[in-house]
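Overview (structure and organization)
The lines below spell out each chain.
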Amino acid sequence: IGSAAAADVIIAGALCFYLSKSRTGFKNLTTGLITSLIGVVIVVTFATMPNNYIWLAFFWIDGKCYVNSCLAALNSRESLREKASPQDGSFFQLSRVPGNTTFRFMSINLRDALLKSLTTLPGIREFHLHALVSSPRKHLALFPFSKPKCRSYLQDILILVSEQSTPDSPRILVTVIEACVYNVPSTSCAILYISKVDSTGQCTSPSPTATLVRALLLYYADRNTRPVAADHLWIQLFARAQSQYLFTNSADFPGKRPLGDVQLCGWWKRVFTDVALELELRSKGSVAPLAIKLFYVLPGYSDIEAEHSLKPVNPARPVTHNYQWTYGHPYSQIEIPLPCPGNDNDADAPRNLGQFIPSFDDDPKSRFMDEIAYTAGPVGIKSPPRKRARAASSTSHGEDHRAVSNDGDDDDDKRDTHIEKDDRPLGELGKVSVDEFWERMSFRQECVAGAVTGFFALGVACFRNDFDERSAISPLAPQPGQVSSKMNKRVITSLMTGVEFSTRERAIRATELIEGTIRGLCEGISVVPAPVIHAPRPRPPTNSSGPNPTTTEQDAFLLAPPRTPPPRMANGKRMVPDVSPNPFPEPETSLETYQSFIYGSVCISNPIPQNKDASNENKATSTPPVTILTVRRKKKRQE
């Protein structure tokens, strides 16, 4: 009895100690303190009064207290779920985060944050979500023209959401979001770049796309949930209206109504405004000051023209003066630090354009900046360096036979070699100012295609002096629930080459294949279907003397996703990814990772708000009917 009482006291004390240190935010927790007190009473009564059976009364109560403590711990799960998601008629499973002190800052993962946002949608339906976040890897192409080189760490994000209207109906993919997160530890900055957002148009109204995008932006903008060790965050995107992005042939579905160019820019402006207002609301009462800045540019439009163009689709909202939109680029302000660091050795040295503007894949700014980098003054685009002549057979004996002409070709070779080895930015990259760059962007590529395009940026800065335990973690350390970047590429490849969403039947089949692909890759089983290729594609060159390539190698080559932008170049050379060894191995996905971090579902049952158009129609029907008299034209008498 004494040993049992001592064990109860030690367990209850340990629970109270560690729960008070973790500060979970829940005040009422089950610790089993009552059973410990009764155990102590049994020992005291037995030791002081051994000749009677008073201790036996407490002994019989002790067994029932154990049972009640176990039932109380089980019943407390419902209250914890309600505190985590107080919406009525909704439920989602809380994730199981490993109890490692290295990742204690993860209060909620991305999957649970997105599922929680879906509980606010009206209607009765069920959503199935897959959130794929790759492990960080080294990336040197974010600022390829910076001096010195700026090292960043890249993570890929892919979010797929399918809808199920009834328990017996099939699932249909309705929304997909592709994004990237760039972490720059040298400046404690991060960039969230929204690459593509697409929908199939086969969901129940209202669509979950806007809710998911807002939840994703808030998850990284809020420092309490941001999984990246960065004090400052920039959210950037390029808005360009297209009928489809990632859902192949979804534009052929009659129910899909993609937004126009002006409507899309207004939609993104409303989303960014909602995120800024929510961040302001969350920062109230916080000790650390928070700075938020909003920027947008419509190339080819002045500030007054842009404001009036988006006014019909973006009505005025009650925003404070701190979050008014600034028409222009964010690279001249000083309130929020920029991601790329300057040259600490020479602070007075002029910074080139590549140290301000980041380079993203399939982005018009990056392509235009590459063109500026290889423009050499009045001669136009700089030619590539002259190749060195092939040496004769006697070169192996130390002789160098190079053709030298009389017109100065040898001098040109030396000059080209010098330029090639020079690490300074080429062309006008160091001469063009940021303001001039954005003015010239109005006449470049997609910006002059006849449609309205927009560049949007949201900057969030949090100035804190306390130590953040995330800063002590290596930026390459994988976090729980992350997958390999190859898995994201494989899923996108299957989405863009193996399925289509032109009809409902094909969308149902595509949803089964894509969701089965993700689960199969997590289980280590390759269930990716071979894409139907209607046009011939080039095959990799084979060596006639060597063995023929296997079918798996050929399929892997055919599954390569198409690359829209040209290869990235820096100083006339193709950029090579950093191949230095990674101290952390690639994460291996499992079924437990799939169930705890990747896949989740939520059932919602919320009232549907009354439609304004329906109420207007009811008002119109209440008015007395009006008889319209038609006038017939008198026929002319034929003579």
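The rules we used
- Residues numbered from 1 in each chain as written.
- Predicted model: local features only at pLDDT ≥ 70, side-chain atom pairs only at ≥ 80, totals over all residues.
- Heavy atoms only, no water.
- UniProt positions renumbered as here; feature names shortened; annotations may be inferred.
- Helix = DSSP H or I, 4+ residues; strand = E, 2+ residues; numbered from the N terminus.
- Buried < 20%, exposed > 50% of the residue type's maximum accessible area, 1.4 Å probe, protein only.
- Contact = heavy atoms within 4.5 Å.
- Areas by Shrake-Rupley, 256 points an atom, 1.4 Å probe, with all protein chains shown as cover.
- Core = buried A, V, L, I, M, F, W, Y, C linked by side-chain atoms within 4.5 Å.
- Phe/Tyr/Trp six-rings, centres within 6.5 Å; stacked < 30°, edge-to-face > 60°.
- Salt bridge = Lys/Arg side-chain N within 4 Å of Asp/Glu carboxyl O.
- 1 Å grid on protein atoms, 1.4 Å probe; cavity = no way out; pocket = protein on both sides within 12 Å on 5 of 7 lines; lining within 4 Å.
- Points joined across faces, edges and corners; volume = space filled by probe spheres on them.
- Nonpolar A, V, L, I, M, F, W, Y, C, P; charged D, E, K, R; others polar.
- Polar contact = N/O pair within 3.5 Å; in protein donor to acceptor, adjacent residues only side chain to side chain.
- Expected span 1.5 Å × (residues − 1).

In the annotation of an unreviewed UniProt entry, the entry for the protein reads histone acetyltransferase, and the organism field reads Lentinula boryana. The Catalytic activity (unreviewed entry) comment attached to the protein in UniProt states, word for word, "L-lysyl-[histone] + acetyl-CoA = N(6)-acetyl-L-lysyl-[histone] + CoA + H(+)". Word for word, the UniProt comment on the protein under Subcellular location (unreviewed entry) is "Nucleus".

What to know about the overall build of the protein
Helices and strands together make up the secondary structure of the protein, namely 15 helices and 12 strands. Per-residue burial over the protein gives 42% buried out of 639 residues. Considering only contacts within the protein whose residues lie at least 6 apart along the sequence, 76% involve residues at least 24 apart. A total accessible area of about 36500 Å² is found for the protein, and carbon and sulfur atoms account for 55% of it.

Remarks on the nonpolar core
Formed by 59 residues in total, the largest nonpolar core has its most connected members in Leu192, Trp268 and Phe272. Sorting elements by how many residues they give to this core places helix 5 (residues 209-221) first, with 10 residues. Excluding its chain neighbours within four sequence positions, the residues that come into contact with tryptophan 268 are Ile194, Val197, Val213, Leu237, Ala239 and Phe456. Formed by 38 residues, the second largest nonpolar core is a distinct cluster that contains Ile336, Leu353, Met369 and Leu429.

Notes on the packing of aromatic side chains
All chains considered together, the criterion is met by 21 aromatic pairs. Each ring, one from tryptophan 325 and one from phenylalanine 456, has its centre 6.1 Å from the other, and the planes form 85°; the classification is edge-to-face. One end of the pair, tryptophan 325, is in strand 8 (residues 325-327); the other, phenylalanine 456, is in strand 9 (residues 454-462), and 131 residues separate them in sequence. A relative accessible area of 2% means that phenylalanine 456 is categorised as buried. Judged by centre distance (5.8 Å) and plane angle (85°), the ring pair of phenylalanine 437 and tryptophan 438 falls under edge-to-face. Among the aromatic residues, ring-to-ring pairing joins Trp267, Trp268, Phe272, Tyr296, Trp325, Tyr327 and Phe456 into one connected group.

Quick look at the pattern of salt bridges
If you walk through the whole model with that rule in mind, you get 15 salt bridges. In this structure, glutamate 515 engages arginine 171 in a salt bridge whose closest nitrogen and oxygen atoms are separated by 2.9 Å. Taken together, the residues span a long stretch of sequence, with glutamate 515 in helix 12 (residues 504-523) and arginine 171 in the loop between strand 3 (152-164) and strand 4 (172-184) at a distance of 344 residues. Residue class for glutamate 515 comes out buried when judged on its relative accessible area of 10%. The shortest N-O distance in the salt bridge between aspartate 362 and arginine 367 comes to 3.3 Å. Classification of arginine 367 as buried rests on a relative accessible area of 18%. Here the salt bridges share partners, and the residues they tie into one network are Asp222, Glu278 and Arg282.

So, empty space enclosed by the protein
A probe matching the size of a water molecule, rolled over the atoms, marks out where space remains unfilled. As enumerated under the stated definition, the model contains six cavities of 30 Å³ or more in all. Its boundaries defined by the atoms lining it, the largest cavity holds a volume of some 200 Å³. Elements with a minimum of two residues in the lining of the largest cavity: helix 4 (110-118), strand 1 (123-133) and helix 5. Residue composition of the lining of the largest cavity, by class: 10 nonpolar, five polar and one charged. Space inside the second largest cavity adds up to approximately 100 Å³. Grouping the amino acids of the lining of the second largest cavity by side-chain chemistry returns 12 nonpolar, three polar and one charged.

Comments concerning the side chain of threonine 273
Tracing the backbone shows threonine 273 in helix 6 (residues 261-282). Side-chain polar atoms of threonine 273 contact the side chain of tryptophan 325, separated by 2.9 Å.

Details of helix 5
For helix 5, with 13 residues, the first-to-last C-alpha span of 18 Å sits near the 18 Å given by 1.5 Å per residue. Of all the 13 residues making up helix 5, 12 are buried; the element is thus mostly covered by neighbouring parts of the structure. By the burial criterion, the buried members of helix 5 are Thr209, Ala210, Thr211, Leu212, Val213, Ala215, Leu216, Leu217, Leu218, Tyr219, Tyr220 and Ala221.

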